[in-house]
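The chain contents come next:
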Amino acid sequence: IAVMLAHFSWTARVHLPDLGSAAVRLFFVLSGFLITGILLQCRERVAAGTTTAGFQLRQFYGRRSLRIFPAFYAVLLAAVVLHMGTTWQLHVWHAFYAGNLYLAAHGSWIDLTAHLWSLAVEEQFYLIWPCVVLFVSRRTIPWIITVLLATGLLSRLALVVLFPTNAVAYIAATPACADQLGIGALLAWCWHTRLHESLLFRRCQSLCLLLLVLVPVLIRWPDHPAIRIISPFMQSLAFAALVHRAALGFDGTLGRVLTWAPLLWIGKISYGLYLVHNFAHWWGPRVLRQLTQYRMAYLPTETAHVCYLIALSFIGATLSWYLLESPLNRLKSRFNY
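As a convention, each chain's residues are numbered from 1 in the sequence order in which they are written. Totals for whole chains, interfaces and linings use all residues, but because this is a predicted model, local features are given only for residues with pLDDT of at least 70 and pairs of side-chain atoms are given and counted only at 80 or more. Note that the side-chain values use all heavy atoms of the structure and ignore hydrogens as well as water.

S.K.: How would you explain the overall build of the chain if you had to name every residue and give the values?
M.R.: A count of helices and strands for the chain gives 18 helices and zero strands. Reported as C-alpha extents along the three principal axes, the dimensions of the chain are approximately 65 × 50 × 45 Å. Two residues form a contact once any of their heavy atoms are found within 4.5 Å. Across the chain, the fraction of contacts at a sequence separation of at least 24, relative to all contacts at a separation of at least 6, is 75%. Per-residue and other accessible areas follow the Shrake-Rupley method at a 1.4 Å probe size, with only the shown protein chains counted as cover for residues. Here the chain displays about 16900 Å² of accessible surface, and carbon together with sulfur accounts for 70% of that area. The convention is simple: Lys and Arg are positive, Asp and Glu are negative, and His and the chain ends are not counted. Where a charge lies is defined by one atom per residue type: Lys uses NZ, Arg uses CZ, Asp uses CG and Glu uses CD. For the chain, the centre of its 25 positive side-chain charges and the centre of its 11 negative side-chain charges are spaced 6 Å apart. By definition, any uninterrupted DSSP run of H or I lasting at least four residues is a helix, any uninterrupted run of E lasting at least two residues is a strand, and each is numbered from the N terminus.

Written out as structure tokens, the structure reads:
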């Protein structure tokens, strides 16, 4: 929802200029937590002698491939065939999940496919991280996670110093995202080793929850050099505390809100929503011209047009879920761990 508002609403971009990036950082933390948790469970099966690391690795990649690749390449193919924006010029970069590197090198959010940068970072993470978790020694994993945290901070520092006018690189370059994924991985390690039950962890978690108050303040000045370096790290700590609290479970009014059926439905189709939403800028005006017999390409108010683009995104994501994602997800049963 936050990403769609950032991409569809000029008012949201003016008043909350880094809303989309903050939302993607939450996604990275959550992804690092969930994926590392899955891999640590795979590692426990290997340690118990009931399976092999190679088998667990194959199953992991099989399941991830079924979930991610079909919808991604279907959307990319449709964008190329229909010549949506500059997709034709950049389709090779996106096809190999390297679009984020292209954007970082050129220092610009290019056209309708810019949002695919986060999926490129995610896939690059998937390429390396499973091998690290499954094959390195247990005592080495926390140190590697520490390296991830340092890599993110030092990478942004280097980018801000060497390329002060490139505001894209510190967001989209893979090393600059390492600490966000690493904080999620660290949270998963704490859960796996039961450190999250300790008094020290609970105190740190409470402190990190307080950082949520600072997130709206930090995203107001995204172009300040110091904010570029430290803000993603602080946001990720706050989001990790939120993910941890969610993993424990919410009750009361908040629990009822978060288990509200429409929100659960958004969660179910969220991958498709993210994939298709930015292309609504291309096909939204075309659909509207047809519906109004070429009298109108945009609705008269921003609110109405934003709602219209969101509705189109939901239609596209729902079709993707029923026609492609859901049927293929059922094939995951062939890749049980």
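Anyway, onward from the coordinates.
S.K.: Requested: an account of a nonpolar patch on the surface, with residues and values cited.
M.R.: Here a patch means residues that are over 30% exposed by relative accessible area and free of salt bridges, tied together within 9 Å if like-charged and within 5 Å if nonpolar (Val, Leu, Ile, Met, Phe, Trp, Tyr). Salt bridges are identified by distance alone: a Lys or Arg side-chain nitrogen within 4 Å of an Asp or Glu carboxyl oxygen. Among the surface-exposed residues, Leu154, Leu157, Val161, Leu162 and Phe163 lie close enough to one another that they form a single nonpolar patch of about 520 Å² accessible area. Tracing the chain through its elements places Leu154 in helix H8 (residues 141–162). Three labels apply to residues, based on accessible area from a 1.4 Å probe with only protein chains included: buried if under 20% of the type maximum, exposed if over 50%, partly exposed otherwise in between. In this structure Leu154 comes out as exposed when scored by relative accessible area, which is 57%.

S.K.: Describe the nonpolar core, naming the residues involved and giving the relevant values.
M.R.: Ranked by size, the top nonpolar core spans 61 residues in total, and within it Phe28, Phe72, Trp117, Leu119, Trp129, Tyr271 and Leu275 carry the most contacts. When sequence neighbours within four positions are dropped, the list of residues in contact with Tyr271 reads Arg67, Ile68, Ala71, Phe72, Leu119 and Glu325. What we call a nonpolar core is a set of buried Ala, Val, Leu, Ile, Met, Phe, Trp, Tyr and Cys residues that are connected through their side-chain atoms within 4.5 Å. Membership of the second largest hydrophobic core comes to 15 residues, among which are Val29, Phe33, Ala188 and Phe239.

S.K.: Please give an account of the packing of helix H4 (residues 53–81) against helix H16 (residues 270–277) that cites residues and values.
M.R.: As a packed pair, H4 and H16 sit with axes 10 Å apart at the nearest point and diverge in direction by 25°. When the interaxial angle is binned, H4 and H16 end up roughly parallel. H16 is crossed by H4, and the crossing has right-handed handedness. Two secondary-structure elements touch here, H4 through Arg67, Ile68, Ala71, Phe72 and Val75 and H16 through Tyr271, Leu275 and Val276. For the contact of H4 with H16, a count of residues per class yields seven nonpolar, no polar and one charged. To get an axis, fit a line to the C-alpha atoms, keeping to the stretch in contact for a helix; angles then go from 0 to 180 degrees between the N-to-C directions. Should an angle fall under 35 degrees it is called roughly parallel, over 145 degrees roughly antiparallel, and 65 to 115 degrees roughly perpendicular, with every other angle called oblique. Here is the rule for handedness: rotate from the far helix to the near one, and if that takes an anticlockwise turn smaller than a right angle the crossing is left-handed, while a clockwise turn gives right-handed. Each residue receives one of three labels: charged for Asp, Glu, Lys and Arg, nonpolar for Ala, Val, Leu, Ile, Met, Phe, Trp, Tyr, Cys and Pro, and polar for the others, Gly being one of them.

S.K.: Any details on unusual backbone geometry? Residues and values, ideally.
M.R.: Trans peptide bonds make up the majority, and among non-glycine residues the majority have a negative phi. Even without being a glycine, Arg194 presents a positive backbone phi close to 65°. Looking at the secondary structure, you find Arg194 in the loop between helix H10 (178–192) and helix H11 (199–210). Assessed through its relative accessible area of 52%, Arg194 is described here as exposed. Of note in the backbone geometry, Gln293 takes a positive phi value of approximately 55° without being a glycine. Here Gln293 shows up in the loop between helix H17 (280–291) and helix H18 (302–329).

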